[in-house]
Amino acid sequence: MVESAGGEPADGAAEMLDRPLPEGVRRRVVQLVSDGFGALTPAELPAQLRQYARFTPNRRARFAGNAMAAAVEGDTVFRQRIAERLRAAEPELAAALDSGTPPPAADPLDVAAAAYVLRPDDWAKLVAAAGEEAQRADAERADEQSRAEVERLRAELAAARGQTKAETERLRAELDSARRESESLHRKLRAALSDVKRGEAALRKAEAEFETERAEGQAQLTAAESESRRLKSRLGEAEAALEAARRAAREGRSMEDMRMRLLLDTVLDAAQGLRRELALPPVSVRPAETVDAVEPGRMTPKDIAARALSENDPAILDQLLALPQAHLVVDGYNVTKTGYPQMPLDKQRLRLLGTLSQLAAQTGAEVTCVFDGAELAAPVLLAPPRGVRVLFSKPGVTADELIRQLVRAEPPGRPVVVVSTDREVADGVAKAGARPVASAVLLKRLSRA
């Protein structure tokens, strides 16, 4: 046998396939190339395959299959290197192919792939025979699948026929039931028509009786109108008599008024004589003195700022609440969302009201806490703590408006302290005479308590 420079038979290298490589054989060839790929150095690889040198065999087969198949087909040196790796890995199969007697028990696809790489004598016939064997195997598998599918469809057809028969029997039973129900309804309809006829006869009788009753009622109405005119005449006479009695009563009342005036003068003269006899002093309290106002020398909420204290000093709040009859109005959610906004609304309210109750007990001031009703999904069931009045704004009214109403309701001169960081609220209550305090000041005071 004449061999080429690479150790391969010359006549085997000259053989060619007369048809495309069968797909099954091609996949086995790509797998053989991928398995022998890793034993080659980058210099031994074709240029287009060097980028896949570090891939795993399966990954190379998936991503570089076309490139490896083309390299085996077109690069004789690369194919011979892969053939050497195959001879080292499968010596028995390679020897059998060289001798022209492939193992009868071997997979035809493996034999064809090895023959395609090794290129022994008549390798093209081996590849073609493997392709035909693979096609026969595929045809047999397709035939088996077709027979199995036919059997499955036959079973489904039989089941469908049985189901159709059962459904037909059920529909026949329902039809018989519907027919019986229809006959029953026809009987009820005939009975109802008979009842309608009897009702119409009764209606005609009732209409006749109604006409009779209406005639009698008309006669009674005429008599009643005549009686009404007679009673109106008697009523006019009674009204005239009543007016005469009223005139007589007024004349008698004039005499009584004269007697009452004389008695009152007598009482007044007696009271003046008693005052002189007892030497009673004049009244010491005048109505003007009952009006609540700021007298000279008394401290007002506006005087607290003049004591050289910082606006954020809780001592300002203590001095304001020490004023007589001080009223503390708290914008509830403004304070809670400044101090502990991460808590739920119900927890915010309970925490604030608890500390306000302690502050009210310590200072004795009147405390009112206002919450915005728009924040609520439903009415709040809340027992106000001792010493704290709790108010929620009505629908359509904000807490800011409710605070301004509370300030306007107070008499001029009373110390009113409003706790809110809202600048609009602070400016509004300041114009009304109240003292605004920031929420942070109250929070500092409450934390100290």
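To start, this report covers the structure provided alongside it. (Residues numbered from 1 in each chain as written. Predicted model: local features only at pLDDT ≥ 70, side-chain atom pairs only at ≥ 80, totals over all residues. Heavy atoms only, no water.)

## Re the overall build of the protein
(1) Moving on: When helices and strands are counted, the protein shows 14 helices and 5 strands.
(2) Moving on: When each of the 449 residues of the protein is scored for burial, the buried share is 26%.
(3) Moving on: Residue pairs at least 24 apart in sequence account for 60% of intrachain contacts in the protein once pairs closer than 6 positions are excluded.
(4) Moving on: A total accessible area of about 29,900 Å² is found for the protein, and carbon and sulfur atoms account for 56% of it. (Helix = DSSP H or I, 4+ residues; strand = E, 2+ residues; numbered from the N terminus. Buried < 20%, exposed > 50% of the residue type's maximum accessible area, 1.4 Å probe, protein only. Contact = heavy atoms within 4.5 Å. Areas by Shrake-Rupley, 256 points an atom, 1.4 Å probe, with all protein chains shown as cover.)

## Side note on the sheet that holds strand β3 (residues 388–392)
(1) Moving on: Strand order across the open sheet formed by 5 strands is β3-β2-β1-β4-β5, with parallel pairing between neighbours. Each of the sheet's edge strands pairs with one partner strand only, and the pair in question is β3 and β5 (435–437). Each strand of the sheet is rotated relative to its neighbour by a mean of 20 degrees, with strand direction disregarded.
(2) Moving on: Sheet analysis places strand β2 (residues 366–371) next to β3, joined by 5 bridges and oriented parallel. The partner of Val367 across the bridge, within β3, is Val388.
(3) Moving on: Together, β1 (327–331), β2 and β3 form the strand contacts of helix α11 (residues 345–363), whose direction differs from that of β2 by roughly 165 degrees. (Pairing = 2+ DSSP bridges. Axes fitted to C-alpha atoms, helices over the stretch in contact; angles between N-to-C directions.)

## Quick look at the packing of aromatic side chains
(1) Moving on: Counting across every chain of the model gives 2 aromatic pairs.
(2) Moving on: Taken together, Tyr333, Phe371 and Phe392 form an aromatic cluster joined through their ring pairs.
(3) Moving on: A cation over an aromatic ring shows up here: Arg59 above the ring of Phe55, its NZ or CZ 4.2 Å from the ring centre.
(4) Moving on: The ring of Tyr333 has Lys337 sitting right over it, with the charged end atom 5.5 Å from the ring centre. (Phe/Tyr/Trp six-rings, centres within 6.5 Å; stacked < 30°, edge-to-face > 60°. Lys NZ or Arg CZ within 6 Å of the ring centre and 35° of its normal.)

## Looking at the pattern of salt bridges
(1) Moving on: Applying the stated criterion across every chain yields a total of 16 salt bridges.
(2) Moving on: Of the charged contacts in the structure, one is a salt bridge between Arg152 and Glu156, with a shortest N-O distance of 2.3 Å. With a gap of 4 residues between them, Arg152 and Glu156 both fall in helix α8 (residues 123–278), about one helical turn apart.
(3) Moving on: One salt bridge connects Arg198 with Asp195, and the closest N-O pair in it is separated by 1.9 Å. Here Arg198 pairs with Asp195, and both are found in helix α8, just 3 residues apart, close to one helical turn.
(4) Moving on: The class for Asp195 is partly exposed, based on a relative accessible area of 42%. (Salt bridge = Lys/Arg side-chain N within 4 Å of Asp/Glu carboxyl O.)

## What to know about helix α6 (residues 91–98)
(1) Moving on: Considered for burial, the residues of α6 that qualify are Leu93, Ala94, Ala96 and Leu97. Projected down its long axis, α6 shows its buried positions confined to an angular sector of 160 degrees, all on one face.
(2) Moving on: At the exit of α6 stands Gly100, carrying a positive phi of roughly 85 degrees. (Arc of directions from axis to C-beta.)

## Observations concerning the packing of helix α12 (residues 399–409) against helix α13 (residues 423–431)
(1) Moving on: Close contact between α12 and α13 brings their axes to 10 Å; oriented N to C, the two are set at 15 degrees. Put simply, α12 runs roughly parallel to α13. With respect to the hand of their crossing, α12 and α13 are arranged in right-handed fashion. Along its contact with α12, which presents Asp400, Ile403, Arg404 and Val407, the element α13 presents Glu424, Val425 and Val429.
(2) Moving on: Residue composition of the contact of α12 with α13, grouped by class: 4 nonpolar, no polar and 3 charged. (Parallel < 35°, antiparallel > 145°, perpendicular 65-115°, else oblique. Left-handed = near helix turned anticlockwise from the far one by under 90°. Nonpolar A, V, L, I, M, F, W, Y, C, P; charged D, E, K, R; others polar.)

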